[in-house]
Amino acid sequence: AQSVTQLDSHVSVSEGTPVLLRCNYSSSYSPSLFWYVQHPNKGLQLLLKYTSAATLVKGINGFEAEFKKSETSFHLTKPSAHMSDAAEYFCVVSDRLQAAGNKLTFGGGTRVLVKP
Amino acid sequence: DTAVSQTPKYLVTQMGNDKSIKCEQNLGHDTMYWYKQDSKKFLKIMFSYNNKELIINETVPNRFSPKSPDKAHLNLHINSLELGDSAVYFCASSLKLTGGNYEQYFGPGTRLTVT
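The rules behind these values
- Position numbers for residues start from 1 in each chain and track the written sequence from start to end.
- Labels follow written order: the first chain is A, the first ligand is 1, and so on.
- Residue-level local features of this predicted model are given only where pLDDT is at least 70; pairs of side-chain atoms are given and counted only at 80 or more, and the full residue set underlies all totals for whole chains, interfaces and linings.
- Excluded from the side-chain calculation are hydrogens and water; included are all heavy atoms of the structure.
- Each helix corresponds to a stretch of at least 4 residues labelled H or I by DSSP, and each strand to a stretch of at least 2 residues labelled E; elements are numbered beginning at the N terminus.
- We compute the radius of gyration from the C-alpha atoms alone; for a globule the expected value is 2.2 Å times N to the 0.38, where N is the number of residues.
- Only protein chains enter the accessibility calculation, which uses a 1.4 Å probe. A residue is then buried if its area is under 20% of the maximum for its type, exposed if over 50%, and partly exposed in between.
- The criterion used for residue contact is that any of the two residues' heavy atoms lie within 4.5 Å.
- Where accessible areas are quoted, they stem from the Shrake-Rupley method and a 1.4 Å probe; at the residue level, only the protein chains shown are allowed to cover.
- Charge assignment in this entry is limited to Lys and Arg as positive and Asp and Glu as negative, and neither His nor the chain termini are counted.
- Taken as the charge location is NZ of Lys, CZ of Arg, CG of Asp or CD of Glu.
- Only the six-membered ring of Trp is used, alongside the rings of Phe and Tyr, when aromatic pairs are assigned; centres must lie within 6.5 Å, and planes under 30 degrees apart are stacked while those over 60 apart are edge-to-face, with the rest tilted.
- If DSSP finds at least two bridges between two strands, the strands pair.
- All axes here are fitted lines through C-alpha atoms, helices being fitted over the stretch that makes contact, and every angle between N-to-C directions spans 0 to 180 degrees.
- Once two parts are joined, some of their accessible surface, as seen by a 1.4 Å probe, is lost; buried area is that loss totalled over both.
- The term salt bridge refers to a pairing of a side-chain nitrogen on Lys or Arg with a carboxyl oxygen on Asp or Glu at a separation within 4 Å.

Broken down by element type, chain B carries zero helices and 11 strands. Mapped in sequence order, the helices and strands of chain B form the string β-β-β-β-β-β-β-β-β-β-β. Taken over C-alpha atoms, the radius of gyration comes to 14 Å for chain B, in line with the 13 Å a tight globule of 115 residues would show. Along the three orthogonal principal directions, the C-alpha set of chain B runs to about 40 × 30 × 30 Å. The burial tally for chain B puts 46% of its 115 residues in the buried class. The contacts of chain B with a sequence gap of at least 6 include a subset with a gap of at least 24, amounting to 54%.

A few words now on the overall build of chain A. Assigned secondary structure in chain A consists of zero helices and 12 strands. Starting at the N terminus, the α and β elements of chain A follow one another as β-β-β-β-β-β-β-β-β-β-β-β. Its C-alpha radius of gyration of 14 Å places chain A within 12% of the 13 Å reference for a compact globule of 116 residues. With the C-alpha coordinates of chain A rotated into their principal frame, the extents come out at 45 × 30 × 20 Å. Considering only contacts in chain A between residues 6 or more positions apart, those separated by 24 or more positions represent 58%. When the accessible surface of chain A is summed, it comes to about 5400 Å², and 53% of that surface belongs to carbon and sulfur atoms. Across chain A, the mean location of the 11 positive side-chain charges is 4 Å away from that of the 8 negative side-chain charges.

This part takes up the packing of aromatic side chains. All names here are of chain B. One pass over the full model with this rule turns up 13 aromatic pairs over all chains. Ring centres of phenylalanine 64 and tyrosine 89 lie 6.3 Å apart, and the angle between their planes is 35°; this geometry places the pair in the tilted category. Separated by 25 residues along the polypeptide, phenylalanine 64 in strand β7 (residues 64–70) and tyrosine 89 in strand β9 (residues 87–94) bring together distant segments of the chain. Per residue, the accessibility class of phenylalanine 64 equals that of tyrosine 89, and both read buried.

All names here are of chain B. On the basis of which strands lie adjacent, the open sheet formed by four strands has the order β1-β3-β8-β7 and antiparallel pairing. The open sheet has two edge strands with one neighbour each: β1 (4–7) and β7. Going across the sheet, the axis of each strand differs from the next one's by a mean of 20°, ignoring polarity. Relative to strand β3 (residues 19–25), β1 is paired through four bridges, and the arrangement is antiparallel. When the bridges of β3 are listed, glutamine 6 appears paired with cysteine 23.

On the chain A side, the residues contacting the 25 residues of chain B number 27 residues. Both faces considered, chain B and chain A share a buried interface measuring about 2000 Å² in area, 52% of it formed by carbon and sulfur atoms. Taken together, chain B and chain A are joined by one salt bridge. Between Glu103(B) and Lys49(A) there is a salt bridge, and its shortest N-O distance comes to 2.5 Å.

Now for the pairing of strand β4 (residues 23–26) of chain A. All names here are of chain A. Only one face of β4 is covered, namely the face carrying Cys23 and Tyr25; the face carrying Asn24 and Ser26 is uncovered. Strand direction decides the pairing type here: strand β1 (residues 3–6) and β4, joined by four bridges, are antiparallel. Looking at β4, one finds that glutamine 6 is bridged to cysteine 23.

None of this, on its own, says anything about what the molecule does.
Put into structure tokens, the structure is as follows:
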């Protein structure tokens, strides 16, 4: 069984300051981990993914995440927030060795508010 | 060039009606999915098809019936709609790879409102 916990339902930052979105996961096998972003009334866009290669993963729009197996964490960071980063962010886990397809399990989401 | 498209984008209907949502992908993927996002933004998988074969079928009422006429299309038919079916439904697609995972590409969503 797999699960994801996003530790903050809301995060508020000022423009130009760092962003940290926290994610912990549980997985029976070797996990693949993803961060998706959803802007208001839009679909989901992939920010970055971890699939057993480098533990520090760089994504689009200046985001990056670090896979820490010992902490079962996959926190998302960005050094300097932009107004356009205001959105809902989802941490997602998938077991790479599962037989029954590519089943994603989503965290509850973190809403990011960026203040000018 | 939309990669994963859904129609309609909005759907308002009354309880008891039957409705369908269509999904198409032009990415050459062999696996497609339906997800439901509730009012609290929680996303949960409903179904997955690989090459027109059902491979994931979560605990979903049998009023929901997916149909995949070919690997580029996955439609969702809902019978006897209920108030609790109101949600945003997302279609997604990916490649299926044993021993690894490719990311899923999502459509723009269909907002279903049942009155």
